[in-house]
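Next come the chains, spelled out residue by residue.
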Protein chains: 4
Amino acid sequence: KSVTGFNFLAIALASVLVVLVGTIGIHLIERNNFPSLFDGFWWTMTTVTTVGYGDFYPETIPGRLLGIFLFLFGIGVIGVLIGKIVDGASAYKRMQREGK
Amino acid sequence: KSVTGFNFLAIALASVLVVLVGTIGIHLIERNNFPSLFDGFWWTMTTVTTVGYGDFYPETIPGRLLGIFLFLFGIGVIGVLIGKIVDGASAYKRMQREGK
Amino acid sequence: KSVTGFNFLAIALASVLVVLVGTIGIHLIERNNFPSLFDGFWWTMTTVTTVGYGDFYPETIPGRLLGIFLFLFGIGVIGVLIGKIVDGASAYKRMQREGK
Amino acid sequence: KSVTGFNFLAIALASVLVVLVGTIGIHLIERNNFPSLFDGFWWTMTTVTTVGYGDFYPETIPGRLLGIFLFLFGIGVIGVLIGKIVDGASAYKRMQREGK
Ligand SMILES: [K+]
Ligand SMILES: [K+]
């Protein structure tokens, strides 16, 4: 199922870009709430996957606007990436089965 | 993939409408828990994207009924909007590639 | 888009059934954490939509098993219901446009 | 709708495998935060369904990397499983209707 015109590489690159923006951005905007870059990365990943544990969240207006940017542009891209990973595993299994 | 008969503009308008209802509604219904309109907007966005950090949530019956309204009518609309954004990025990239 | 063989009425009935099981079940299993039926209903709705604010969650093994039942059987049914609501709004708008 | 080349059995097996990796892995990596295997199972299920109540979450770098593994490989697999369960219920109902 080709949900979009993107191939796996383009989606992976777009995902890395969105995650970098979230990670670095929130660490710069709310250094008190996100003291390390890894905290920013962890929050970004829990956000774009919509898991949202609530252990980290932004509290300032710029931080929340970055969050809403991740909602609108990250959730879709990471959703397509996760779909591609399932597709890839499915195709790999079919090839294994047919190759024998 | 045209998930629905809506075009981008119709979905964007419906999204704005749902988000306005959530933002203004929760600020009016539970002013203590949502002291500013921006708090209401932030809660509405974390709700309709299903991120649900838990930093804000309604505690009264009318507030929770507004939440359930957002679940039933907002999650679908915002989900389609996010899908359209990915589709748009995909179409833009394809046009760039073919146009050169 | 007919995701499933269910029509709207069948999905609505299945949704009501799943939500009733969650609402009544968690109120009976963990009366301390879910003192009212409406608390059980609110938790069930935040669960099957995957919003998961974390204001309510089960803490006993039977309560968590009911939660996992809602994950496996409720998320899909409510997801289809939300999709049908978007489809319905889309069809309604198309009919309005064509009918005039 | 055959989202993937997997059949129900393959998806169920992949789901069990991913859930076992999450359950056992987080119990071994963060024994303080996940004192029982059932706590690990409950956290894994709230994670791969993206409910994310926030009653349990990893706090160490290895624990969070296991979480991100579940995001990338678990959310898709469990999403397909939930889709198959809805498809199965739909097919069962259609067969019942036609068989009579
Ligand atoms: K969530
Ligand atoms: K959550």
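The rules behind these values
Residues numbered from 1 in each chain as written. Chains lettered and ligands numbered in written order. Predicted model: local features only at pLDDT ≥ 70, side-chain atom pairs only at ≥ 80, totals over all residues. Heavy atoms only, no water. Helix = DSSP H or I, 4+ residues; strand = E, 2+ residues; numbered from the N terminus. Rg over C-alpha atoms; globule rule 2.2 N^0.38 Å. Buried < 20%, exposed > 50% of the residue type's maximum accessible area, 1.4 Å probe, protein only. Contact = heavy atoms within 4.5 Å. Least-squares fit on C-alpha atoms with pLDDT ≥ 70 in both. Donors = N, O, S within 2.8 Å, 3.2 Å for Na, K, Ca; no water. Buried area = accessible area lost by both parts, 1.4 Å probe. Salt bridge = Lys/Arg side-chain N within 4 Å of Asp/Glu carboxyl O. Patch = residues over 30% accessible without salt bridge, like charges linked within 9 Å, V, L, I, M, F, W, Y side chains within 5 Å. Areas by Shrake-Rupley, 256 points an atom, 1.4 Å probe, with all protein chains shown as cover. Polar contact = N/O pair within 3.5 Å; in protein donor to acceptor, adjacent residues only side chain to side chain. Nonpolar A, V, L, I, M, F, W, Y, C, P; charged D, E, K, R; others polar. Phe/Tyr/Trp six-rings, centres within 6.5 Å; stacked < 30°, edge-to-face > 60°. Axes fitted to C-alpha atoms, helices over the stretch in contact; angles between N-to-C directions. Parallel < 35°, antiparallel > 145°, perpendicular 65-115°, else oblique. Left-handed = near helix turned anticlockwise from the far one by under 90°. Expected span 1.5 Å × (residues − 1). Bend = angle between axes of the 7 residues up to and from the residue. Core = buried A, V, L, I, M, F, W, Y, C linked by side-chain atoms within 4.5 Å.

Draft legend 1. Fine view of the overall build of chain A. What chain A contains, in helices and strands, is three helices and zero strands. Against the 2.2 N^0.38 benchmark of 13 Å for 100 residues, chain A shows a C-alpha radius of gyration of 16 Å, more extended than a compact globule. Classification of the 100 residues of chain A by burial places 50% in the buried group. Counting contacts in chain A only where the partners sit at least 6 residues apart, residues at least 24 apart contribute 62% of the total.

Draft legend 2. Region of the structure containing the arrangement of the chains. You won't find any contact between chain A and chain C; their C-alpha atoms come no closer than 8 Å. Nowhere do chain B and chain D come into contact; their C-alpha atoms are at least 8 Å apart.

Draft legend 3. Looking closely at the relation of the copies chain D and chain C. After a rotation of 90 degrees and a shift along the axis of 0.0 Å, chain D superposes on chain C with an RMSD of 0.0 Å. Read as a symmetry element, the transformation amounts to a four-fold axis.

Draft legend 4. Structural detail: the coordination of the potassium ion (ligand 2). The potassium ion (ligand 2) binds to the protein through Val51(A) (O), Gly52(A) (O), Val51(B) (O), Gly52(B) (O), Val51(C) (O), Gly52(C) (O), Val51(D) (O) and Gly52(D) (O); the donor distances cover 2.8 to 3.1 Å. By relative accessible area, which is 0% here, Gly52(C) ends up buried.

Draft legend 5. Quick peek at the coordination of the potassium ion (ligand 1). Looking at the potassium ion (ligand 1), the protein donor atoms are Thr50(A) (O), Val51(A) (O), Thr50(B) (O), Val51(B) (O), Thr50(C) (O), Val51(C) (O), Thr50(D) (O) and Val51(D) (O), and they sit 2.8 to 2.9 Å from it. A separation of 3.0 Å is found between the potassium ion (ligand 1) and the potassium ion (ligand 2), which are bridged by Val51(A). On the criterion of chain membership, the pair formed by Thr50(B) in the loop between α2 (37-48) and α3 (61-99) and Val51(C) in the loop between α2 (37-48) and α3 (61-99) is interchain, its members lying in two chains. The exposure class of Thr50(B) is buried, given its relative accessible area of 8%.

Draft legend 6. Region of interest: the interface of chain D and chain C. On the side of chain C, 27 residues touch chain D, which itself brings 23 residues to the contact. Note on chain D versus chain C: buried area summed over both sides is about 2,100 Å², and carbon and sulfur give 72% of it. Ranking the residues of chain D by area buried against chain C places Phe38(D), Trp42(D) and Tyr53(D) at the top, with a combined share of 31%. Here chain D and chain C share one salt bridge between them.

Draft legend 7. Here's a closer look at a nonpolar patch on the surface. All names here are of chain A. A cluster of nonpolar residues, Val16, Leu20, Ile24, Leu28, Ile29 and Leu37, forms a patch on the protein surface that exposes about 530 Å² of accessible area. No other element matches helix α1 (residues 8-29), which puts five residues into the nonpolar patch. Its place among the elements puts Val16 in helix α1. Val16 gets classed as partly exposed once you look at its relative accessible area, which sits at 48%.

Draft legend 8. Looking closely at the interface of chain B and chain A. Listed as interface residues are 23 residues of chain B and, on the opposing side, 27 residues of chain A. Carbon and sulfur atoms supply 72% of the area that chain B and chain A bury against each other, a total of about 2,100 Å² over both sides. At the boundary of chain B with chain A, the tally comes to one salt bridge. Arg64(A) serves as the salt-bridge partner of Asp39(B), at 2.9 Å between the closest nitrogen and oxygen. Inspection of the region where chain B meets chain A yields three residue pairs in polar contact (both at pLDDT 80 or more). Top contributing element to the side of chain B that touches chain A by residue count: α3(B), with ten residues. Looking at the side of chain B that touches chain A, its residues break down into twelve nonpolar, five polar and six charged.

Draft legend 9. Just the packing of aromatic side chains, in detail. Taken as a whole, this structure holds 28 aromatic pairs over all chains when the rule is applied. Three or more aromatic residues joined by ring pairs make a cluster, and in this case those are Trp42(A), Tyr53(A), Tyr57(D) and Phe71(D).

Draft legend 10. Structural detail: the environment of Pro35(C). Following the sequence through the fold, Pro35(C) ends up in the loop between α1 (8-29) and α2. The spacing of Pro35(C) and Leu72(C) is 37 residues in sequence and 25 Å in space, taken between C-alpha atoms.

Draft legend 11. Expanded view of the packing of helix α2 (residues 37-48) of chain A against helix α3 (residues 61-99) of chain A. All names here are of chain A. The interhelical angle for the contact between α2 and α3, taken along N-to-C directions, is 65 degrees, at an axis separation of 8 Å. Relative to α3, the element α2 is oriented roughly perpendicular. The chirality of how α2 crosses α3 is right-handed. Touching Trp43, Thr44, Thr47 and Val48 of α2 are Gly67, Leu70, Phe71, Gly74, Ile75 and Ile78, all from α3. For the contact of α2 with α3, the per-class residue count stands at six nonpolar, four polar and no charged.

Draft legend 12. Geometry of α3(B). All names here are of chain B. A rise of 1.5 Å per residue sets the reference length of α3, with its 39 residues, at 57 Å; its end C-alpha atoms lie 55 Å apart and thus fit the reference within 8%. At Gly74, α3 shows its strongest bend, of approximately 40 degrees. N-capping of α3 is provided by Thr60, with a side-chain oxygen placed 3.1 Å from the backbone N of Gly63.

Draft legend 13. The arrangement of the environment of Gly22(D) in detail. Residues and elements named next belong to chain D. Mapping Gly22 onto the fold places it in helix α1 (residues 8-29). Along the sequence, Gly22 and Leu66 sit 44 residues apart, while their C-alpha atoms lie 7.1 Å from each other. Contact partners of Gly22, with chain neighbours within four places excluded, come to Trp43, Thr44, Leu66 and Leu70.

Draft legend 14. Inspection of the nonpolar core at higher detail. Core analysis: the largest hydrophobic core is formed by 93 residues, its most contacted members being Phe71(A), Phe71(B), Phe71(C) and Phe71(D). Non-local contacts of Phe71(A), meaning those with residues more than four positions away in its chain, are made with Thr47(A), Trp42(B), Met45(B), Thr46(B), Thr49(B), Val51(B), Tyr53(B) and Ile82(B).

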